[in-house]
Protein chains: 2
Amino acid sequence: MTEKCNILLIGSGGVGTIASYALEYAGKSAVTSVLRSDYSRVVERGFSINSCDYGQIAAFRPSHVVNSVEESKKYGPFDFAIIATKCVPEVASMIDVIAPAVTANTAIVLVQNGIGIEAEAKARFPNNVVLSGVSMIGSANQNGHIEHECKDAIKIGFFENENYDRAHLEKVCTRFVDLYSNDRNDCEFDENVKFSRWRKLVYNACLNSVCALTGVDVGRLELFGGVDTIIREAMREVIAIAKSDGVELSEDVIDFMIRSDDPVYYSPSMLVDIRKGNLLEIEVINGNPVRIAQEKGIPAPYLTLIYELLKIIQRRTMEQKGMITVPTERPVPK
Amino acid sequence: MTEKCNILLIGSGGVGTIASYALEYAGKSAVTSVLRSDYSRVVERGFSINSCDYGQIAAFRPSHVVNSVEESKKYGPFDFAIIATKCVPEVASMIDVIAPAVTANTAIVLVQNGIGIEAEAKARFPNNVVLSGVSMIGSANQNGHIEHECKDAIKIGFFENENYDRAHLEKVCTRFVDLYSNDRNDCEFDENVKFSRWRKLVYNACLNSVCALTGVDVGRLELFGGVDTIIREAMREVIAIAKSDGVELSEDVIDFMIRSDDPVYYSPSMLVDIRKGNLLEIEVINGNPVRIAQEKGIPAPYLTLIYELLKIIQRRTMEQKGMITVPTERPVPK
């Protein structure tokens, strides 16, 4: 029997748990999952899963379930460390969290939304390969039950790293694709991570963000006129910023994304999060593109204002969650 | 005994009811108030009022209380017809509503927020004087009880009318000021309506609107960074559009408005309305300035996006109120 590949996983929401199931199901990996709020329940009962790819699973436990990264180290060293949490860098650094378990040969796999998500990993671990996972999956974790509705389609690529030639990066990447792929899912090598991420941002920085801001699904946003008045202009800004960053997106992407949820009154993830009172991934979805626009001198007033408005809403959510407090007396200039 | 002046009033919210009280208290007017939802209650029990200007009033009834404009006509003809409703022209035209009671000598008094509110009245009644009331009053009607917290300070002026010289307009206007003024309130002649309205818009199109969009009060908006990132820029746009419309506002108005609620965590009216699920006056507060910017070629991306976002929220509110419905199946292009 071939020895299995050790993989660390942080983040067992809908995306991360299906990733761990996919890896274990393929049979070549032993996943060590670091859990916090779900730890006791999963140790006792496992995850229950209702999956369009894998059917009903009463009790799924990855090979190892631990409640801290420190504890995970006894199941290492890890060839891959997957981060599948939401990316909210203004609240917590996931690179800080996994750092104790990262060794010289650990490739870091970021299965997260947004642009510029790799910067911190590359700065902290310049000699480690950093991979990108762009996931299309309709999956959510509700108190340890995973409801998985759309086929797991994930594109895995590598972020450029000046310390390695592309052949090495590609070899590490295709190994992960091989570990992840199975007869039920759709995992492919992403030849151009930067392109894929900018392309997905056309949806996320515009439709997803504006649905969150206005509290309506994409169908209503269109019926109420917002697709023509807001979304097309914001998407043109994304295309212009991408271009300044070396990525050529065709204008066709605008209508492709606008029509991508047809014919559903679809509530995108940021709208769902707002309704649940959750934090949003605004720094990597909204903030980083705006910062690139500022650096490159690309006018982006719509994306800038959308970002600034969402920042206020993010602070409101943080206050509601007790993460920040405001002074009892409003501070005013003397 | 001098005969009293007949005044018609549409809109008995916090502003309108205190206006009718002020006019009756001054003793020179007989107010005919057209009520809808409050009609039966006010006929039976009157308005109960708790007012910083007038104290506790157990049961206030204007001289005449009617439930339709048609019925009001038996107490006319009216020298003044006051419209003190919210201005939501996309839902209903108040000019249509009062039209049956307007005669050749009726001056129309618009005690409403925003810019360009006089256009419809002037188009429909070109030979009638149209007056402007800009009210600073903290007053709300809750099921027939009026809670009035800040001194009634109202500026009454006239909208220009090419069919009359200024002397005539001013004479009609100062007559209304005389009717309204009493020993408890603060009613003054507004020498420059256009200036007053643009100036107030610096607050309403920016702080009021952005608090509504983000769901936070002005204190939190400032603490969370939004005053510097959003409000100052949006206010500069208002000043530029006002200038293109012939109104010179000093840059000082920006800090004056930003500090005008100190030291209170103040929830402005549009935020209060959003929280209550009410419609907002977006066409006259947000839409008209943006349309003027477009006509005059003044760049106003922040005000434009704020308006477009609020339009979506307005439609959402209209759907929640059952005023519009969306098709069961989302319409998509063939």
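Just so you know, the residues in each chain are numbered from 1, in the order the chain's sequence is written. All chains are assigned letters beginning with A, and all ligands numbers beginning with 1, in the order in which they are written. Two thresholds apply to this predicted model, a pLDDT of at least 70 for residue-level local features and 80 or more for giving and counting side-chain atom pairs, whereas whole-chain, interface and lining totals are computed over all residues. Side-chain measures here rest on the full set of heavy atoms in the structure, leaving out hydrogens and waters.

A. Fine view of helix 1 (residues 14–26) of chain B. All names here are of chain B. By the criteria applied, helices consist of DSSP H or I runs no shorter than four residues and strands consist of E runs no shorter than two, each listed in order from the N terminus. Here the expected length of a helix is defined as 1.5 Å per residue gap, with one fewer gap than residues. Taking 1.5 Å per residue, 13 residues should reach 18 Å; helix 1 reaches 18 Å between its end C-alpha atoms and fits that length. The buried fraction of helix 1 is high, at 10 of 13 residues. Every buried residue belonging to helix 1 is among Gly14, Gly16, Thr17, Ile18, Ala19, Ser20, Tyr21, Ala22, Leu23 and Glu24, and all of these are buried. Directly beyond the C-terminal end of helix 1, a positive phi value near 90 degrees is found at Gly27. Only protein chains enter the accessibility calculation, which uses a 1.4 Å probe. A residue is then buried if its area is under 20% of the maximum for its type, exposed if over 50%, and partly exposed in between.

B. Local environment of the relation of the copies chain A and chain B. When chain A is fitted to chain B, the best match, at an RMSD of 0.0 Å, comes from turning it 180 degrees and sliding it 0.0 Å along the axis. Seen this way, the second copy is the image of the first under a two-fold rotation axis. In terms of C-alpha distance to the rotation axis, chain A has Pro301 of chain A as its closest residue, with the C-alpha 3.1 Å off the axis. Here the copies were fitted onto each other by least squares, based on C-alpha atoms from residues at pLDDT of at least 70 in both.

C. Layout of the pattern of salt bridges. Residues and elements named next belong to chain A. Whenever a carboxyl oxygen of Asp or Glu lies within 4 Å of a side-chain nitrogen of Lys or Arg, that contact is scored as a salt bridge. By the definition in use, this model includes 42 salt bridges over all chains. Asp255 is the salt-bridge partner of Arg232, the closest N and O atoms lying 3.1 Å from each other. With Arg232 in helix 9 (residues 226–244) and Asp255 in helix 10 (residues 252–258), the pair connects residues that are 23 residues apart, well separated along the chain. Residue classification places Asp255 among the partly exposed residues on the basis of a relative accessible area of 38%.

D. Inspection of unusual backbone geometry at higher detail. Residue and element names in this part refer to chain A. For the bond from Gly76 to Pro77, the omega torsion is -5 degrees, close enough to zero to count as cis. Structurally, Pro77 is set in the loop between helix 3 (69–72) and strand 6 (80–83). The residue Asn143 is not glycine, and still its phi comes out positive at about 55 degrees. Tracing the backbone through its elements, the reader meets Asn143 in the loop between strand 9 (139–142) and strand 10 (145–148).

E. Structural detail: the pairing of strand 2 (residues 29–34) of chain A. Residues and elements named next belong to chain A. In terms of burial, strand 2 is a largely internal element, six of the six residues being buried. Residues Ser29, Val31 and Ser33 line one face of strand 2 and the alternating positions Ala30, Thr32 and Val34 line the opposite face, and both faces are buried. The β-α-β motif built from strand 1 (residues 5–10), the intervening helix 1 (residues 14–26) and the parallel element strand 2 has right-handed crossover chirality. A strand pair is defined by DSSP finding two or more bridges across the two strands. Inspection of the sheet shows strand 2 paired to strand 5 (residues 64–66) by three bridges, in the parallel sense. When the strands point away from the viewer, a crossover counts as right-handed if the path from the first strand over the helix to the second runs clockwise.

F. Representation of the packing of aromatic side chains in the model. Residue and element names in this part refer to chain A. Aromatic contacts are taken between Phe, Tyr and Trp rings whose centres are within 6.5 Å, Trp giving its six-membered ring; a plane angle under 30 degrees counts as stacked, one over 60 as edge-to-face, and the others as tilted. On inspection of all chains with the given rule, the structure shows 14 aromatic pairs over all chains. Plain terms: the ring middles of Tyr21 and Phe60 are 4.8 Å apart, the flat faces sit at 70 degrees to each other, and that makes the pair edge-to-face. With Tyr21 in helix 1 and Phe60 in strand 4 (residues 55–60), the pair connects residues that are 39 residues apart, well separated along the chain. In this structure, Tyr21 and Phe60 share a single accessibility class: buried. One aromatic cluster in this structure is built from Tyr21, Tyr25, Tyr54 and Phe60. The side chain of Arg199 reaches across the aromatic face of Phe256, ending 4.8 Å from its centre. A positively charged side chain is recorded as over a ring if its NZ (Lys) or CZ (Arg) lies within 6 Å of the ring centre. The angle to the ring normal must also be within 35 degrees.

G. How the structure looks around the environment of Pro126 of chain B. Residue and element names in this part refer to chain B. By secondary structure assignment, the location of Pro126 is in the loop between helix 5 (119–124) and strand 8 (130–136). With relative accessibility at 38%, the residue Pro126 sits in the partly exposed group. Between the C-alpha atom of Pro126 and that of Met136, which follows or precedes it by 10 residues, the distance is 28 Å. In what follows, residue pairs with any heavy atoms lying within 4.5 Å of each other are defined as contacts. The residues contacting Pro126, other than those within four sequence positions of it, are Asn161 and Asn163.

H. Representation of the side chain of Glu283 of chain A within the structure. Residues and elements named next belong to chain A. Within the fold, Glu283 resides in helix 12 (residues 282–296). On the accessibility criterion, Glu283 (13% relative accessible area) is buried. If near-sequence neighbours (up to four positions away) are discounted, Glu283 is found in contact with Pro89, Glu90, Asn288, Arg291, Tyr307 and Lys311.

I. Fine view of the domain arrangement of chain A. Residue and element names in this part refer to chain A. An automatic or database domain assignment supplies the residue ranges for each domain. Structurally, chain A comprises domain 1 (5–191) and domain 2 (194–320). Contacts between the two partners involve 22 residues from domain 1 and, on the opposite side, 19 residues from domain 2. Accessible area that two parts lose when put together, evaluated with a 1.4 Å probe and summed over both, is termed the buried area. Of the roughly 1700 Å² buried between domain 1 and domain 2 on both sides combined, carbon and sulfur atoms contribute 53%. The largest share of the area that domain 1 buries against domain 2 comes from Lys86, Asn113 and Ile115, three residues that together contribute 42% of it. Asp273 is the salt-bridge partner of Lys86, the closest N and O atoms lying 3.2 Å from each other. Pairing of N or O atoms within 3.5 Å defines a polar contact, subject to two protein rules: one partner must be a possible hydrogen donor and the other a possible acceptor, and residues neighboring in sequence count only if both atoms are side-chain atoms. Counting across the interface, domain 1 meets domain 2 through 14 residue pairs in polar contact (both at pLDDT 80 or more). When residues of the side of domain 1 that touches domain 2 are assigned to their parent elements, the largest contribution, five residues, is made by strand 8 (residues 130–136). In the scheme used here, Gly and all other residues not listed as nonpolar or charged are polar, with Ala, Val, Leu, Ile, Met, Phe, Trp, Tyr, Cys and Pro taken as nonpolar and Asp, Glu, Lys and Arg as charged. The class makeup of the residues in the side of domain 1 that touches domain 2 is 10 nonpolar, eight polar and four charged.

J. A look at the UniProt feature "domain: Ketopantoate reductase N-terminal" (unreviewed entry) in chain A. UniProt positions are given in the numbering used here, feature names are shortened, and annotations may be inferred rather than shown by experiment. Following the UniProt record, the feature "domain: Ketopantoate reductase N-terminal" (unreviewed entry) maps to residues 7–160 of chain A here. Secondary structure content for residues 7–160 of chain A is 23% helix and 34% strand, while the C-alpha to C-alpha distance between its ends is 22 Å.

K. Spotlight on the UniProt feature "domain: Ketopantoate reductase C-terminal" (unreviewed entry) in chain A. Mapped onto this numbering, the UniProt entry gives "domain: Ketopantoate reductase C-terminal" (unreviewed entry) at residues 195–313 of chain A. With 74% helix and 0% strand, the stretch residues 195–313 of chain A has end C-alpha atoms that lie 29 Å from each other.

L. Region of the structure containing the sheet that holds strand 3 (residues 47–51) of chain B. All names here are of chain B. An order of 4-3-10-9 is seen for the four strands of this open sheet, with the pairing classed as mixed. Strand pairing shows two members of the sheet lacking a second neighbour, strand 4 (55–60) and strand 9 (139–142), which therefore form its edges. Each strand axis lies, on average, 15 degrees off the axis of its neighbour in the sheet, ignoring direction. Relative to strand 4, strand 3 runs antiparallel, the two being bridged by four bridges. By the bridge assignment, Asn50 is partnered in strand 4 with Gln56. Convention adopted: a line fitted to C-alpha atoms gives each axis, helices being fitted over their contacting stretch, and angles between N-to-C directions are expressed from 0 to 180 degrees.

M. Structural view of the pairing of strand 11 (residues 153–158) of chain A. All names here are of chain A. Both strand 8 and strand 11 contribute to a ladder of six bridges, which runs antiparallel. The residue of strand 11 that forms the bridge with Leu131 is Phe158. Sheet topology places strand 11 next to strand 12 (residues 186–189); four bridges connect them, and they run parallel. Each bridged residue has a counterpart across the sheet, and for Lys155 the counterpart in strand 12 is Glu188. Each parallel crossover has a hand, and the one from strand 11 via helix 6 (residues 166–180) to strand 12 is right-handed.

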